[in-house]
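Commentary on secondary and tertiary structure
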Amino acid sequence: SNPSPKFSSKDKGFSFKSRGKLQADAMFASEDYGSGSEIRRVRLGAQGDIDESIDYVAEIDFSNKKVGFEDIFIRYRLSNATTVRIGHHEASVSLDDETSDSNHSFLERSLHNALSLGRSVGVGFETQGEWWSLNTGLFGKPEADNNPGHNEGWRFASRLLVTPVKNEQQTLHMGFAGYYVELDDETDYRLSSQPENHQLAALFDTGSHSASDIRYAGIETAYQYNNVLLQAELGQQTVDYMSLSDASFVSGYVQAAWVITGEQRSYQRGRGSFGGIKPSNGLESGGLGALEMAVRSSYMDLVDGDVYGGKGHVYSLGLNWYPRNHLRVSANLIHFDVTESLEAQPQGASNHRGNSLVLRSQLSW
Amino acid sequence: SNPSPKFSSKDKGFSFKSRGKLQADAMFASEDYGSGSEIRRVRLGAQGDIDESIDYVAEIDFSNKKVGFEDIFIRYRLSNATTVRIGHHEASVSLDDETSDSNHSFLERSLHNALSLGRSVGVGFETQGEWWSLNTGLFGKPEADNNPGHNEGWRFASRLLVTPVKNEQQTLHMGFAGYYVELDDETDYRLSSQPENHQLAALFDTGSHSASDIRYAGIETAYQYNNVLLQAELGQQTVDYMSLSDASFVSGYVQAAWVITGEQRSYQRGRGSFGGIKPSNGLESGGLGALEMAVRSSYMDLVDGDVYGGKGHVYSLGLNWYPRNHLRVSANLIHFDVTESLEAQPQGASNHRGNSLVLRSQLSW
Amino acid sequence: SNPSPKFSSKDKGFSFKSRGKLQADAMFASEDYGSGSEIRRVRLGAQGDIDESIDYVAEIDFSNKKVGFEDIFIRYRLSNATTVRIGHHEASVSLDDETSDSNHSFLERSLHNALSLGRSVGVGFETQGEWWSLNTGLFGKPEADNNPGHNEGWRFASRLLVTPVKNEQQTLHMGFAGYYVELDDETDYRLSSQPENHQLAALFDTGSHSASDIRYAGIETAYQYNNVLLQAELGQQTVDYMSLSDASFVSGYVQAAWVITGEQRSYQRGRGSFGGIKPSNGLESGGLGALEMAVRSSYMDLVDGDVYGGKGHVYSLGLNWYPRNHLRVSANLIHFDVTESLEAQPQGASNHRGNSLVLRSQLSW
């Protein structure tokens, strides 16, 4: 089922497999909130095994005509139950965040994803037992214009998962995650999010303010019954600002996805995430592929203390057609309703309500 | 004849082929117009089939140490006669523009190419009959620093081609193209061109002025008789400026290329373009490769209304040696003569006359 | 022993091999000189043969989220003794510079490397006899934001190597190198170096001053006896400043590396460099890999004329573990002691003394 070539060479155990992704989007929004097209993601990379117990991934993103780092790490299997990954990778704190954008039921992750840490250089441990797994990582700050000769701060993240039910028909997943970030003294902190549409302005935005540290706690759950997947997350981030009052920001979502043609997503227990749809009746075998419908309701509140970063809801309706492996065509209808977005005043106003439609053509291998 | 590996994997129908290009240039100009060297293009990418009726291309350019998007699209064959491509690709408006820089008889395209639209994200249809083909596309604006929350404008382009004569010896090609661009309100428009030498200053330059929309109409023709190829194009672009008088800009060229060693370029009817030279007697079989000579005369007039963007001629003499497939060594001798370049005053003057020599070493696969 | 796939295609003689590298670093320094993590290098590229006598390399670096050019050239074998490379490549002036960062006994090259020219677009000749080799190149200036319409200056470099002893047990290498750079009139010249730790500030720094030309002369020697390698270099750079007095800068180092597990580095005579360690007893065959210890003492004096760019010593102790081919884990302990760093006053002071520790995880193929 692996499309791109993977071969063993004379060098025992070493393998190399090309990776790639391209997503082309078109967007229309009501009320003059914008319209346009973009290459949402274009990525090239490689992955493979170095040894029986060592593998690697290296993937670069070029969207927005900038260089972006995706997974760039080496992973060592210390025992059957434990691996360690060293390099640029994701701090594991959320189901939504761990789900690959290629496999996600929606075109963008939920508002709640703004509270995730994303990728940076660090060391991550993954351990698992019969019905649980634990991911723990210690990281530096995300790569940017490096500022040599400074202390760049550090970040610690942990996520505990339990899977009380896991059989061919059903999966019940529950998780608890937390992180702590000590910021570089000279770094301003800013939390912002577009309303689940990458081509709209960031209607949620705390603005930039100097802060010393950040804490997060979150819970998540998911239940899959054959071709239906329900999931929900809720999290709170607390920021110790330097000159403003400390503030707590909250976000969460619930979503349901139904694969009309019957396919079931796989579940990876170690990192706790669901895989993509592989059409059982794709174009290559004369079929019409798979079809999926999904609905989501998200909420975020960035208004606390001295910060008026916006609060409100986003509702999304998604339709995905998977003509065959590697291909996907999607449409998302998104309604947003945000108030008290005073800090950054995106689009020159503090209250925002409207609808938008996003179309995407995707290839990934 | 395809050099880089293409393989079918377990995944039925999917194939992956590496693409690459590197061009290293050296340049010398008279009259203190400059000298230097550069990596003109360095590209890495992939292409392949996803299915019998679906294929993809993804190629990134890194020249000038910046990320540039080349072809990044998925193409679906709707019927024997019709395909649709979705993603980042060229608006088909000119023979010169459609000819790959790797295959072009000159190191740079003609002045006239400044009137072409280039690539952006969009949907393009290609249809063909016995002796004609039609390319039509709807696009967003070229990718740049995205400006979320705005209407980014759109562009429509169409090109009709007829091939009244097409046999083993002769090809007669005629084309008619037009486009319409509605600009984003906040975008200034600028039309500029170097004198067919990428390392010289842009001697043609309208400067940046706010505009609302742009129209273009062009005609083209080509006649190939065995190893000789003649081609010519002429086009006019009209710009509706916001605060300046509207202006029309004109450009055209005629060129002749003679493959001394006898090889004939292939012709692709769908998009209407000529392919490259494949030496029939390359180094790999003990031969000396192929040799081509080409001459071109180009004209451009960017002086109209309130705009003094320069007008004048460029004459080029080109010599190409193709030692074997994938390799090319070229020299271009270029004479330029431009007047009334008042808008931007490149090199601190408004009239420019001089000669330049460009050398290139090229590998493409 | 070549890990990544190399295959001949239908196109006779053409081969394509993927290249890649990833280095993830963590750093800690005393006295508030900083701490942090970074992706030191992440590279993707290709190399292969075009013909029996022609090959190519194209590699792009993405570290610091910027596009960087590494080797991007085509190499033609003119005779058994002579090759010419055209494109973006290294001006051969130093053993330290010619040693690949993947293969180097330390994480960073010595201070002395600041005097090397690095890569730019040019033509390089390599000739060798029984016991000598000569590398000579003519280059343009390094690629940067191009400044079209200017004379970009040029650079000439040459390096003569003799190998009086070369057998299975011993290699004695001696070299003499020099270069001349004519600078573009509008370019300021700046020489700077971190203290052999990429995440520290540039404690050596002449600041930017307009200059007309630069000259360099250097000597180098290395002696390898089985698994022990000693090497030393010394060089002087002279800068003709426009408005400051001319100045001469000096740097050199001595180093010793001992592969505890007994492996011997290979020696490439043409360009004069030592290769990496291939563990004879790697993880893949049930062993523990190779272990290397290295010490280095470097000196640099950038204080002369009107320039106070710092002078002082850096001492490094390195430990490298090569678990198997392609993999490497390293630790470097670095002591620096720099005075008279008045030009740029890194960290807000002119005298600097401290210690730092750098850890790296590396994969290269």
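Residues numbered from 1 in each chain as written. Chains lettered and ligands numbered in written order. Predicted model: local features only at pLDDT ≥ 70, side-chain atom pairs only at ≥ 80, totals over all residues. Heavy atoms only, no water.

1. Quick look at the overall build of chain A
The helix and strand tally for chain A stands at one helix and 22 strands. For 365 residues, the compact-globule estimate of 2.2 N^0.38 gives 21 Å, and the C-alpha radius of gyration of chain A, at 21 Å, lies within 12% of that figure. Expressed along its principal axes, the backbone C-alpha trace of chain A runs to roughly 60 × 45 × 45 Å. Looking at chain A residue by residue over its 365 residues, the buried ones come to 58%. Of the contacts made within chain A by residues no fewer than 6 positions apart, 60% connect residues no fewer than 24 positions apart. Total accessible area on chain A stands at roughly 13600 Å², and carbon and sulfur atoms take up 53% of it. Once the 32 positive and 46 negative side-chain charges of chain A are each reduced to a mean point, those two points are 8 Å apart. (Helix = DSSP H or I, 4+ residues; strand = E, 2+ residues; numbered from the N terminus. Rg over C-alpha atoms; globule rule 2.2 N^0.38 Å. Buried < 20%, exposed > 50% of the residue type's maximum accessible area, 1.4 Å probe, protein only. Contact = heavy atoms within 4.5 Å. Areas by Shrake-Rupley, 256 points an atom, 1.4 Å probe, with all protein chains shown as cover. Lys, Arg positive; Asp, Glu negative; His and termini not counted. Charge placed at Lys NZ, Arg CZ, Asp CG, Glu CD.)

2. Some points on the relation of the copies chain A and chain C
Rotating chain A by 120° and translating it 0.0 Å along the rotation axis places it on chain C, where the RMSD comes to 0.0 Å. In symmetry terms, the pair is related by a three-fold rotation axis. Relative to the rotation axis, the C-alpha of valine 67 of chain A is the closest in chain A, positioned 4.2 Å from it. Different-surface contact between copies: only 8% of interface residues of chain A are shared with the interface of chain C. (Least-squares fit on C-alpha atoms with pLDDT ≥ 70 in both.)

3. Focus: the relation of the copies chain C and chain B
When chain C is fitted to chain B, the best match, at an RMSD of 0.0 Å, comes from turning it 120° and sliding it 0.0 Å along the axis. Here only 8% of the interface residues in chain C have copies in chain B that are interface residues too; the copies meet through unlike faces.

4. Description of the confidence of the model for chain A
Detail in the predicted coordinates should be disregarded across regions flagged by low pLDDT. Mean pLDDT over chain A: 91, with 95% of residues reaching 70 or higher. Predicted confidence for residues 1–9 of chain A stays below pLDDT 50, and this span has 33 contacts to residues more than four positions away or in other chains. (pLDDT = per-residue confidence, 0-100.)

5. Re the interface of chain A and chain C
On the side of chain C, 40 residues touch chain A, which itself brings 39 residues to the contact. Between chain A and chain C the total buried area reaches about 3300 Å² when both faces are included, carbon and sulfur atoms providing 62% of it. There are one salt bridge connecting chain A and chain C. Taking the shortest distance from any N to any O, the salt bridge between arginine 324 of chain C and aspartate 51 of chain A comes out at 3.2 Å. Seen at the junction of chain A and chain C, the total is two residue pairs in polar contact (both at pLDDT 80 or more). Elements with a contribution of two residues or more to the side of chain A that touches chain C: strand 3 (35–51), strand 4 (54–61), strand 5 (68–77) and strand 6 (82–90) of chain A. (Buried area = accessible area lost by both parts, 1.4 Å probe. Salt bridge = Lys/Arg side-chain N within 4 Å of Asp/Glu carboxyl O. Polar contact = N/O pair within 3.5 Å; in protein donor to acceptor, adjacent residues only side chain to side chain.)

6. Overview of the pairing of strand 10 (residues 170–183) of chain B
Residue and element names in this part refer to chain B. In strand 10, alternate side chains face the same way, and those of Thr171, His173, Gly175, Ala177, Tyr179, Val181 and Leu183 are buried while those of Gln170, Leu172, Met174, Phe176, Gly178, Tyr180 and Glu182 on the opposite face are not. As defined by bridge partners, strand 9 (residues 153–166) adjoins strand 10 across 12 bridges and the pair is classed as antiparallel. Bridge assignment links valine 162 to a residue of strand 10, and that residue is methionine 174. Counting the residues between successive antiparallel strands, the hairpin from strand 9 to strand 10 contains three residues. (Pairing = 2+ DSSP bridges.)

7. Here's the deal with unusual backbone geometry
Even without glycine at this site, glutamate 196 of chain A takes up a positive phi of about 55°. As for its placement among the helices and strands, glutamate 196 of chain A is situated in the loop between strand 12 (192–193) and strand 13 (204–205). Assessed through its relative accessible area of 4%, glutamate 196 of chain A is described here as buried. If you check the backbone angles, asparagine 64 of chain B has positive phi at about 60° while not being a glycine. Within the secondary structure, asparagine 64 of chain B is located in the loop between strand 4 (54–61) and strand 5 (68–77). Taking relative accessible area as the criterion, asparagine 64 of chain B reaches 29% and is therefore assigned partly exposed.

8. A closer look at the pattern of salt bridges
Evaluation of the coordinates by the stated rule reveals 72 salt bridges over all chains. Between arginine 41 of chain A and aspartate 101 of chain A there is a salt bridge, and its shortest N-O distance comes to 3.4 Å. Of the two residues, arginine 41 of chain A is situated in strand 3 and aspartate 101 of chain A in the loop between helix 1 (95–98) and strand 7 (119–128); the sequence distance between them amounts to 60 residues. Of the residues examined, arginine 41 of chain A reaches a relative accessible area of 8% and is grouped as buried. Here arginine 360 of chain C makes a salt bridge to glutamate 108 of chain C, at a shortest N to O gap of 3.3 Å. With arginine 360 of chain C in strand 22 (residues 352–364) and glutamate 108 of chain C in the loop between helix 1 (95–98) and strand 7 (119–128), the pair connects residues that are 252 residues apart, well separated along the chain. For glutamate 108 of chain C, a relative accessible area of 12% puts it in the buried group. Each of the salt bridges in this network shares a partner with another, and the network as a whole consists of Lys21, Arg41, Arg43, Asp61, Glu70, Asp71, Glu90, Asp101 and Arg119 of chain A.

9. Side note on the interface of chain C and chain B
Contact with chain C, which involves 37 residues of that partner, is made by 39 residues of chain B. Together chain C and chain B conceal approximately 3300 Å² of surface at their shared face, both sides included; 63% is due to carbon and sulfur atoms. Joining chain C to chain B, the criterion identifies two residue pairs in polar contact (both at pLDDT 80 or more). For the side of chain C that touches chain B, the elements supplying multiple residues, two or more each, are strand 3 (35–51), strand 4 (54–61), strand 5 (68–77) and strand 6 (82–90) of chain C.

10. Some points on the packing of aromatic side chains
All chains considered together, the criterion is met by 27 aromatic pairs over all chains. Pairing tyrosine 267 of chain A with phenylalanine 274 of chain A gives two aromatic rings, centres 4.9 Å apart and planes at 50°, and the pair type is tilted. The pair formed by tyrosine 267 of chain A and phenylalanine 274 of chain A is uniform in burial state, with each residue classed as buried. These aromatic residues form a ring-pair network of at least three members: Phe14, Phe16 and Tyr56 of chain A together with Trp365 of chain C. Over the face of the ring belonging to phenylalanine 106 of chain B we find arginine 296 of chain B, whose NZ or CZ atom lies 4.2 Å from the ring centre. (Phe/Tyr/Trp six-rings, centres within 6.5 Å; stacked < 30°, edge-to-face > 60°. Lys NZ or Arg CZ within 6 Å of the ring centre and 35° of its normal.)

11. Things to note about the environment of glycine 45 of chain A
One can find glycine 45 of chain A in strand 3. Classification of glycine 45 of chain A as buried rests on a relative accessible area of 12%. Through-space distance from the C-alpha of glycine 45 of chain A to that of alanine 58 of chain A is 5.4 Å; in sequence the pair is 13 residues apart. Residues contacting glycine 45 of chain A, with those up to four places away along its chain left out, are Lys17, Ser18, Arg19, Ala58 and Glu59 of chain A together with Leu44 of chain C.

12. Digging into the nonpolar core
Membership of the largest hydrophobic core comes to 72 residues, with the highest contact counts inside it found for Phe62 of chain A, Phe62 of chain B together with Phe62 of chain C. For phenylalanine 62 of chain B, the residues in contact, after removing those within four places along its chain, are Phe62 of chain A, Val42 and Leu44 of chain B together with Ile60, Phe62, Val67 and Phe69 of chain C. (Core = buried A, V, L, I, M, F, W, Y, C linked by side-chain atoms within 4.5 Å.)

13. Section: the side chain of serine 364 of chain C
Residues and elements named next belong to chain C. Relative to the helices and strands, serine 364 is located in strand 22. For serine 364, a relative accessible area of 17% translates into the label buried. Setting aside anything within four residues of it in sequence, one finds serine 364 in contact with Gly20, Lys21, Ser102 and His326.

14. Points about the pairing of strand 6 of chain C
Residues and elements named next belong to chain C. Of all the nine residues making up strand 6, eight are buried; the element is thus mostly covered by neighbouring parts of the structure. One ladder, built from six bridges, connects strand 5 with strand 6; its direction is antiparallel. When the bridges of strand 6 are listed, phenylalanine 73 appears paired with glycine 87. Between strand 5 and the antiparallel strand that follows it, strand 6, lie four residues. Taken together, the nine bridges between strand 6 and strand 7 define a ladder with antiparallel strand orientation. Residue pairing across strands places histidine 89 opposite serine 120, the latter belonging to strand 7.

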